[in-house]
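Secondary and tertiary structure notes
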Amino acid sequence: GLTSEDSPTLAGALSMMPNLQTLNLAGNRLGDEGVSTIALAVSNSCTSIEKLCFWYNGMTFKSFPGLTKIVQTCSLIKELRLDRPMASADDDESIRAVLDFTEAVKLSGSLRLVICRERDESEVGALLILLLGEALPDC
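For the protein, the mean per-residue pLDDT works out to 82, and 78% of the residues sit at or above 70. Between the elements of the protein, mean pLDDT differs from a low of 53, seen in strand 5 (residues 134–136), to a high of 95, seen in strand 1 (residues 22–24).

Dropping the structure here:
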């Protein structure tokens, strides 16, 4: 699978795919660095992507600022699929990142957020589901 080292190449390729509607990156090992790199590329180009999936990439709260930027700048994205981030809810930075993301999703009005609940039972992930999302039992 893809790792954070592969993300700059993929980010560059996205600008050459203006008609791409679904970007499914599930099951890779992008981590926060890779997810953030891809998120920056998507938010800068705002291509025709309507569905974006980052399930099973080892994300933590550090990915959320990039995801927030996507939500704020790319109005064409209608569905965003995430797994629960691996972080503790007693971390002020993670809570702030989740709340900023939550606000952006609510302001977007039309974004469907789907959170995989199979991963871990982190409090931050539970907070996301409670505030915004729809949890799927099988991801």
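To continue, consider the side chain of T68. One can find T68 in helix 3 (residues 64–73). Residue T68 is classed as buried on the basis of its relative accessible area of 7%. Discounting chain neighbours no more than four positions away, the residues touching T68 are A97, D100, F101 and A104.

Our focus in this paragraph is the environment of R29. One can find R29 in the loop between strand 1 and helix 2 (31–45). On the basis of relative accessible area, R29 is assigned to the exposed category, the value being 54%. Sequence separation between R29 and S4 is 25 residues; the distance between their C-alpha atoms is 7.0 Å. Every residue in contact with R29, bar those within four places of it in the chain, is listed here: G1, L2, T3, S4 and N57.

Counting through the fold element by element, D32 comes out in helix 2. Here D32 is buried and forms no salt bridge, its nearest opposite-charge partner K62 lying at an N-O distance of 5.5 Å. Side-chain polar atoms of D32 contact the side chain of T60, separated by 2.4 Å. Apart from the residues lying within four places of it in its own chain, the contact partners of D32 are G58, M59, T60, K62 and S63.

Thresholds applied
- Each chain has its residues counted from 1, running along the sequence as written.
- pLDDT decides what is reported in this predicted model: residues at 70 or higher carry local features, side-chain atom pairs at 80 or more are listed and counted, and totals for whole chains, interfaces and linings draw on all residues regardless.
- Calculated side-chain values reflect all of the structure's heavy atoms, with hydrogen atoms and water omitted.
- A residue's pLDDT is simply how confident the predictor is in it, with values from 0 to 100.
- Numbering goes from the N terminus for both helices and strands, where a helix is a DSSP run of H or I of at least four residues and a strand is a run of E of at least two.
- Exposure categories follow from relative accessible area, calculated using a 1.4 Å probe and restricted to protein chains: below 20% of the type maximum is buried, above 50% is exposed, and the middle band is partly exposed.
- Two residues qualify as a contact provided that any one of their heavy atoms is within 4.5 Å of a heavy atom in the partner residue.
- For the purpose of charge, His is not counted, nor are the chain termini; Lys and Arg are scored as positive and Asp and Glu as negative.
- Here a salt bridge means any side-chain nitrogen of Lys or Arg lying within 4 Å of a carboxyl oxygen belonging to Asp or Glu.
- By the criterion applied in these results, polar contacts are pairs of N or O atoms within 3.5 Å in which, for protein atoms, one can donate a hydrogen and the other can accept it, and in which residues neighboring in sequence qualify only through two side-chain atoms.

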